[in-house]
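One letter stands for each residue in the lines below.
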Amino acid sequence: PFKKLKEGLLSVTSTEESKDVISVDDKGGDSTVSITVVGASGDLAKKKIFPALFALFYEGCLPEHFTVFGYARSKMTDAELRTIVSKTLTCRIDKRENCSEKMDQFLKRCFYHSGQYDSEEHFTELDKKLKEHEGGRVSNRLFYLSIPPNIFIDAVRCASSSASSANGWTRVIVEKPFGRDSESSAALTRNLKQYLEEDQIFRYFDHYGIIRDIMQNHLLQILALFAMETPVSLDAEDIRNEKVKVLRSMKPLQLEDVVIGQYKSHAKGGINYPGYTDDKTVPKDSLTPTFAAAALFIDNARWDGVPFLMKAGKALNTKRYSKEIPDAYERLLLDAIEGERRLFIRSDELDAAWALFTPVLKELEEKKIIPEYYPYGSRGPS
Ligand code: NDP
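Criteria and thresholds
- Residues numbered from 1 in each chain as written.
- Predicted model: local features only at pLDDT ≥ 70, side-chain atom pairs only at ≥ 80, totals over all residues.
- Heavy atoms only, no water.
- Helix = DSSP H or I, 4+ residues; strand = E, 2+ residues; numbered from the N terminus.
- Buried < 20%, exposed > 50% of the residue type's maximum accessible area, 1.4 Å probe, protein only.
- Contact = heavy atoms within 4.5 Å.
- Pairing = 2+ DSSP bridges.
- Axes fitted to C-alpha atoms, helices over the stretch in contact; angles between N-to-C directions.
- Near = heavy atom within 4 Å.
- Polar contact = N/O pair within 3.5 Å; in protein donor to acceptor, adjacent residues only side chain to side chain.
- Areas by Shrake-Rupley, 256 points an atom, 1.4 Å probe, with all protein chains shown as cover.
- Nonpolar A, V, L, I, M, F, W, Y, C, P; charged D, E, K, R; others polar.
- Parallel < 35°, antiparallel > 145°, perpendicular 65-115°, else oblique.
- Core = buried A, V, L, I, M, F, W, Y, C linked by side-chain atoms within 4.5 Å.
- Expected span 1.5 Å × (residues − 1).
- Salt bridge = Lys/Arg side-chain N within 4 Å of Asp/Glu carboxyl O.
- Phe/Tyr/Trp six-rings, centres within 6.5 Å; stacked < 30°, edge-to-face > 60°.
- Lys NZ or Arg CZ within 6 Å of the ring centre and 35° of its normal.

Novice: What is the right way to look at the overall build of the chain in this model?
Specialist: Along the chain, the regular secondary structure elements total twelve helices and twelve strands. Per-residue burial for the chain yields a buried fraction of 49% across its 382 residues. Considering only contacts in the chain between residues 6 or more positions apart, those separated by 24 or more positions represent 79%.

Take a look at the structure:
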């Protein structure tokens, strides 16, 4: 059904590029965007997604007609959702006027539907509610999957098969972690593509050890942007084509080019800083790296012989930046609504990125390589 929606979208706009559609009908008065936060009872939804949506609303960045639906198994009324959400909305814009008034306006647009993630029937009930709010306008829908990855596919399958009434675009934001190696990432992509086209998927990324958490995604993205050839244009596809080329020119990471570490407890100034395995949720014998440094090589004429050094770690003496970038989630949501794909990862990019790291990740795990221990708050392994 999502694929059919896409065809419906094409016939509405007579263009092959769904992103062209958005400039036509999002700003106009005849379309509406329904944003469904799947997993709305969770931490990420409360801490990041609803506050980011509110900030976008405050800044006038959301379309005139929009609705936000929370969806999760927890039982809640609309009023209860609004109470919870209202506690998490911050006026980062608090020096400006009308913030509380704007909050009330935003909260009136927030609704809740309780349902299972694997129930087509419950998603059909949601679909009916969305339709009522869409009021006969061209209906664009954004689903934000803020749920554990093992239920992504069920939720997409059920949302897809029940979405009979949407006649605009439908897009899905997928939270990290997106797989833990080449095979699991490819399986997830294969399953998602039963229900979605590539241009409907907006990914994000992971948590399993520092290499998967930071290197395979964030640092590799920076490296690809830095080392790629000049793209033909700043169009998302042209940029992504160059990124894929440079990623595919890289040699898979070798074990001898990697140092891994794990922080241990450390007493300083009368304070006892805990080690990684002191955390109750971490197995005492965990070999998970909390630090990694690696040298990557690009096999092309421009970068021949030049090592690219990557380093990332937790509990170090300095941070990369001290604060979270305030509007990262706002940017993410806005890009997804506008169909802007430059900052999202395409499947072939993801494959190329995993191909670089999967062999070394497997070797580290199979050989049970012991990380070098470094004191909490230090520069990492010497
Ligand atoms: P939660 O564990 O809080 O899960 C979100 C909601 O999903 C829960 O409120 C619960 O809702 C439902 N849920 C949780 N576990 C299960 C389960 N086993 N089976 C079915 N439903 C379940 O996750 P977060 O909100 O912290 O994160 C959401 C996603 O975003 C995850 O994939 C996470 O890895 C990722 N992420 C989170 C970040 C964060 O800062 N929290 C940062 C980056 C990524 P209910 O019981 O009401 O259905």
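Novice: What am I meant to see in the pairing of strand β5 (residues 170-174) here?
Specialist: Regular strands have side chains that alternate between both faces of the sheet. Of all five residues in β5, five are buried, a share of seventy percent or more. The alternating pattern of β5 places T170, V172 and V174 on one face and R171 and I173 on the opposite face, and all of these are buried. By the bridge criterion, five bridges tie strand β4 (residues 138-145) to β5 in an arrangement that is parallel. Residue pairing across strands places Y144 opposite I173, the latter belonging to β5.

Novice: Explanation requested: the sheet that holds strand β11 (residues 307-313) in the structure shown.
Specialist: Strand order in this open sheet of four strands is β11-β10-β7-β12, and the pairing throughout is mixed. Looking along the sheet, the strands with just one partner apiece sit at the ends: β11 and β12 (372-375). Ignoring strand direction, the axes of neighbouring strands in this sheet form an average angle of 25 degrees. With four bridges connecting them, strand β7 (residues 258-264) and β12 associate as parallel partners. If you follow K264 over to β12, its bridge partner there is P375. Relative to β11, helix α9 (residues 209-227) is tilted by about 145 degrees, and along the sheet it contacts β7, β10 (291-297) and β11.

Novice: How should the site of the ligand be read in this particular structure?
Specialist: Taken together, the neighbourhood of the ligand is formed by 18 residues, with S41, R73, S74, Y117 and I147 sitting nearest. With respect to the ligand, the side chain of Y117 contributes an N or O atom lying 2.6 Å from an oxygen atom. When the ligand sits alone it has 870 Å² of accessible area, and the protein chains cover 71% of it. Here the shell around the ligand takes three residues from helix α3 (residues 43-58), the largest share from any one element. Its residues assigned to classes, the shell around the ligand comprises eight nonpolar, five polar and five charged.

Novice: Any chance you could explain the packing of α9 against helix α10 (residues 236-248) here in plain terms?
Specialist: Helix packing for two helices is described by the angle between their axes and how far apart those axes are. Direction vectors running N to C along α9 and α10 enclose 105 degrees, while the axes themselves pass 9 Å from each other. With respect to α10, the axis of α9 lies roughly perpendicular. Across the interface between the two elements, L220, Q221, A224, L225 and A227 of α9 pack against I239, K243, V246 and L247 of α10. Classifying every residue of the contact of α9 with α10 by side-chain character gives seven nonpolar, one polar and one charged.

Novice: Even after reading the chapter, I still don't get the nonpolar core, so can you show me in this structure?
Specialist: A general tendency of soluble globular proteins is for nonpolar side chains to be buried together. With 100 residues, the main nonpolar core has F106, I211, L220, L223, L333 and F357 as its most contacted residues. Residue contacts for F106: discarding those within four places in its chain leaves F50, L53, F54, F57, F66, V68, V85 and L89. If you look at the next biggest cluster of nonpolar residues, it comprises six residues, including Y276, V282, F291 and A315.

Novice: Which parts of the structure should I look at to understand α10?
Specialist: One full turn of an α-helix is made of 3.6 residues, so residues set three or four places apart face in the same direction. The terminal C-alpha atoms of α10 lie 18 Å apart, and with 13 residues this matches the ideal 18 Å at 1.5 Å per residue to within 8%. When α10 is considered as a whole, its buried residues turn out to be A236, I239, R240, E242, K243, V244, V246 and L247. As for α10, its buried residues are in contact with α9 and α12 (347-366). The N-cap of α10, judged by a side-chain oxygen 3.1 Å from the amide nitrogen of E237 a few residues on, is D235.

Novice: Got a minute to help me understand the side chain of E134 in this structure?
Specialist: Position of E134 relative to the elements: it lies in helix α6 (residues 120-134). By relative accessible area, which is 2% here, E134 ends up buried. Setting aside chain neighbours within four positions, we find E134 in contact with T32, S34, S139 and R141.

Novice: What is the right way to look at the pattern of salt bridges in this model?
Specialist: A side chain of one charge can pair with a side chain of the opposite charge when the charged atoms of the two come close. Going through the model one piece at a time under the given rule, you end up with 16 salt bridges. The shortest N-O distance in the salt bridge between D348 and R346 comes to 2.9 Å. Relative accessible area serves as the criterion here: at 33%, D348 is assigned to the partly exposed category. Three or more residues joined by partner-sharing salt bridges are found here, namely E237, R240, R346 and D348.

Novice: Explain the packing of aromatic side chains to me, please; I cannot follow it from the model alone.
Specialist: One pair of aromatic rings is described through two measures. These are the centre distance and the angle between the planes. According to the stated counting rule, one finds 17 aromatic pairs in the structure shown. Where Y263 meets Y276, the ring centres are 5.9 Å apart and the plane angle is 70 degrees; that geometry is what we call edge-to-face. With Y263 in strand β7 and Y276 in the loop between β9 (271-273) and β10, the pair connects residues that are 13 residues apart, well separated along the chain. Since its relative accessible area comes to 18%, Y276 is described here as buried. The structure contains a cluster of three or more aromatic residues connected by ring pairs, namely Y263, Y273, Y276, F291, Y374 and Y376. Lying over the aromatic face of F111, R82 brings its terminal NZ or CZ to 5.1 Å of the ring centre.

Novice: How do you make sense of helix α11 (residues 328-338) when you look at a structure like this?
Specialist: Taking burial as the measure, the eleven residues of α11 include eight buried ones, the bulk of the element. Regarding α11, the residues found buried are Y329, E330, L332, L333, L334, D335, A336 and I337. One or two steps after α11, the chain reaches G339, where phi turns positive at roughly 75 degrees.

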